[in-house]
Amino acid sequence: MITGEPACKNWWRSWLVEFANMNLFIRLIAHRNRVVWHIPAWEANSIIVSRMKIIRVQEPCGPGMLIPMEVDDPEPQDDEVVIQVMAIAVNTSDVIARKNFYPMFPQSCMGLECSGIIEKAGKNVRDWEIGNKVCAILSGGGYAEKVVVQQWQLFVVPIEVSFPDAACLPHASCVVWSELFMQRRLGPFFWLPDDGKKARLSAGQTLLVHEDCNGTSNFAIHIAKRFNVTVIATYRSDDFRKHCDRVGVAECMSQDAFLNGALTQRVDMILNTLGPEHYQKSLSNLKRDGIMISTTTCCSDTIDFAGSLPCVADKTQPYRRVIQAASLLCRSKEERELIVSEVTNNIWPSVTSFELFVHQEYPFSKVVDAHRLMEAKGCGKIILVTDAYCALTDGIVP
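Quick summary incoming for the structure in this document. For clarity, every value in this text was computed on a predicted model and none was experimentally measured.

Describing the overall build of the chain
- Along its length, the chain carries twelve helices and 19 strands.
- In the chain, which comprises 398 residues, the proportion classed as buried is 52%.
- Put simply, of all contacts in the chain between residues at least 6 apart along the chain, 66% involve residues at least 24 apart.

A word on the pattern of salt bridges
- For the structure shown, the criterion picks out 15 salt bridges.
- The closest approach of N and O atoms between Lys 120 and Glu 75, which form a salt bridge, is 2.7 Å. Taken together, the residues span a long stretch of sequence, with Lys 120 in strand β8 (residues 113–121) and Glu 75 in the loop between β6 (69–72) and β7 (80–90) at a distance of 45 residues.
- Using a relative accessible area of 28% as the deciding quantity, one classes Lys 120 as partly exposed.
- Glu 119 is the partner of Lys 146 in a salt bridge, and the nearest nitrogen-oxygen pair spans 3.0 Å. Placement of Lys 146 in strand β10 (residues 146–150) and of Glu 119 in strand β8 is noted, with a sequence separation of 27 residues between them.

As for the packing of helix α4 (residues 169–181) against helix α10 (residues 333–346)
- Their axes nearest at 9 Å, the elements α4 and α10 cross at an angle of 95°. Regarding the angle of α4 to α10, the classification is roughly perpendicular. Residues Ser 173, Cys 174, Trp 177 and Ser 178 of α4 form the contact with α10, whose participating residues are Ile 339, Val 340, Glu 342, Val 343 and Asn 346.

Considering helix α5 (residues 216–226)
- Counted residue by residue, α5 has nine buried out of eleven residues, so it is predominantly covered.
- At its buried positions, α5 is contacted by α4, β12 (206–210), β13 (230–235), α6 (238–247) and β15 (267–272).
- Immediately beyond the C-terminal end of α5, within one or two residues, lies Asn 228, with a positive phi of roughly 60°.

What about the side chain of Thr 234?
- In this structure, Thr 234 sits in strand β13.
- Excluding anything up to four places from it in sequence, Thr 234 contacts Leu 208, Val 209, His 210, Glu 211, Phe 240, Met 253, Ser 254, Gln 255 and Phe 258.

Some details on the nonpolar core
- Grouped together as the largest cluster of nonpolar side chains are 46 residues, with contacts concentrated most on Phe 155, Leu 180, Phe 181, Leu 207, Val 209, Ile 221 and Val 343.
- Looking at this core, the element that brings in the most residues is α4, giving eight residues.
- Each residue touching Val 343, except ones within four places of it in the same chain, is listed here: Phe 155, Ser 173, Cys 174, Trp 177 and Trp 348.
- Core analysis: the second largest hydrophobic core is formed by 36 residues, Val 90, Ala 144, Val 147 and Leu 384 among them.

Comments concerning the side chain of Lys 146
- The exposure class assigned to Lys 146 is buried, which follows from its relative accessible area of 12%.
- Among the polar contacts listed, one links the side chain of Lys 146 to the side chain of Asp 73, at a separation of 2.7 Å.
- Leaving out residues up to four positions away in the same chain, Lys 146 has contacts with Met 52, Asp 73, Pro 74, Val 82, Ile 83, Gln 84, Val 85 and Glu 119.

So, unusual backbone geometry
- At Asn 228, a position not held by glycine, the phi torsion is positive, near 60°.
- Its location among the elements puts Asn 228 in the loop between α5 and β13.

Considering helix α11 (residues 367–375)
- Listed in full, the buried residues belonging to α11 are Val 367, Val 368, Ala 370, His 371, Leu 373 and Met 374.
- Along its buried surface, α11 packs onto β7, α2 (92–100), β18 (358–363) and β19 (381–385).
- Following α11 by one or two positions, Lys 377 adopts a phi angle in the positive range, close to 60°.

Quick notes on the packing of α2 against α11
- The geometry of α2 relative to α11 is characterised by a closest axis approach of 10 Å and an angle of 105° between their N-to-C directions. Between α2 and α11, the angle is such that the two are roughly perpendicular. Between α2 and α11, the contacting residues are Thr 92, Asp 94, Val 95, Arg 98 and Lys 99 on the first element and His 371, Met 374 and Glu 375 on the second.
- Tallied by class, residues from the contact of α2 with α11 come to two nonpolar, two polar and four charged.

Side note on the pairing of strand β9 (residues 133–137)
- Burial within β9 is extensive, with four of its five residues counted as buried.
- Across five bridges, the pairing between β8 and β9 is antiparallel. Among the inter-strand pairings, Ser 115 is bridged to a residue of β9, identified as Cys 135.

A few points about the packing of aromatic side chains
- Applying the stated criterion to the full structure yields seven aromatic pairs.
- With 6.1 Å between their ring centres and 15° between their planes, Trp 177 and Phe 181 make a pair best called stacked. On the criterion of helical spacing, the pair formed by Trp 177 and Phe 181 is a turn pair, its members being four residues apart in helix α4. For the pair shown, Trp 177 and Phe 181 are each scored as buried.
- The ring of Phe 163 is capped by Lys 133, whose NZ or CZ atom sits 5.0 Å from the centre of that ring.

Rules of the game
Residues numbered from 1 in each chain as written. Predicted model: local features only at pLDDT ≥ 70, side-chain atom pairs only at ≥ 80, totals over all residues. Heavy atoms only, no water. Helix = DSSP H or I, 4+ residues; strand = E, 2+ residues; numbered from the N terminus. Buried < 20%, exposed > 50% of the residue type's maximum accessible area, 1.4 Å probe, protein only. Contact = heavy atoms within 4.5 Å. Salt bridge = Lys/Arg side-chain N within 4 Å of Asp/Glu carboxyl O. Axes fitted to C-alpha atoms, helices over the stretch in contact; angles between N-to-C directions. Parallel < 35°, antiparallel > 145°, perpendicular 65-115°, else oblique. Core = buried A, V, L, I, M, F, W, Y, C linked by side-chain atoms within 4.5 Å. Polar contact = N/O pair within 3.5 Å; in protein donor to acceptor, adjacent residues only side chain to side chain. Nonpolar A, V, L, I, M, F, W, Y, C, P; charged D, E, K, R; others polar. Pairing = 2+ DSSP bridges. Phe/Tyr/Trp six-rings, centres within 6.5 Å; stacked < 30°, edge-to-face > 60°. Lys NZ or Arg CZ within 6 Å of the ring centre and 35° of its normal.

Printed below as a string of structure tokens:
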């Protein structure tokens with residue numbers, strides 16, 4: 001017996017329909033606000049419309065307004081797959097989307113990366129099969145029990161990597177590779193000056209990173225060390241300091257010490273996650289022709305997301321420098337597809353050797369707590385796990 005809500009209270013009546021070819025009778029029995037369908041069990045799967053939980057942001061709101069709602073399960077197009085989501089990574093951009101809601105993006109859902117199992121596949125999908133363990137880079141919509149993605153957005157989940165850890169991988173790896181190491185030139189997002197110079201680190205150069213909650217700095221450390229780049233890191237938590245010691249950064253100092261001038265040497269590149277109020281301090285540590293890359297979540301207070309960067313340094317600093325703001329959301333589909341392809345070929349074979357920095361896992365139902373922790377600037381990555389993952393792990397809820 002399957003229960004569903006009627007489309008309208010006034011027009012429906014008890015009625016009987018006979019399918020001549022199948023000799024199948026479906027009887028509708030009216031009970032106030034519900035309809036009961038009496039059908040054979042073998043026919044149930046072809047009639048039931050499955051439902052899933054999703055969280056959407058319709059207007060700026062606090063974390064308390066993040067309430068799951070039910071919608072119909074998605075269906076894939078010819079070149080798409082449906083992922084049964086197991087884990088979702090929470091990023092700073094999710095908090096900004098919830099508070100400000102980027103008006104230039106029609107996607108009203110949050111979530112830039114997730115992991116799970118392919119449940120359905122379109123007829124033109126060739127490289128992936130139902131049942132594959134995958135993680136995906138998204139343009140939003142990851143706060144859901146199921147998501148639809150095109151096949152180019154997928155990465156295979158290595159056997160050694162859990163679903164929660166896999167959810168941390170796509171966004172950070174794509175941002176770091178495209179902005180710090182990618183050899184092919186991409187169209188610029190923000191440039192100062194606009195001279196077409198592309199950020200590119202090579203062996204023997206020095207990179208400065210700051211602790212963040214998105215895992216971007218941690219990925220930058222691992223990838224930089226893989227290419228023999230010297231890494232200097234600043235921390236705000238003792239856990240991240242210990243993490244930096246384990247992965248072997250060349251120098252590590254507190255963010256307060258950095259802002260007070262403890263770093264005396266100049267570096268080739270800075271991955272800035274400290275925010276616009278510290279631009280001048282970061283720029284003072286750049287070499288001639290040095291490059292500072294700021295994540296858009298740290299630029300959003302003073303930078304128009306559609307494309308203008310304030311002139312904060314050229315007139316006051318004696319050296320020619322490039323300031324660049326990183327964002328995957330503002331890149332074209334062709335650029336993002338190229339980035340995913342290069343990450344798959346250059347970085348993905350090594351991700352099992354990366355030490356991830358996961359701080360806390362929450363059930364999907366406790367997304368409010370996850371956002372409050374992110375707003376408190378907790379250290380390490382924050383993960384949401386779905387009911388499907390809890391069922392897969394014998395009902396263990398973190």
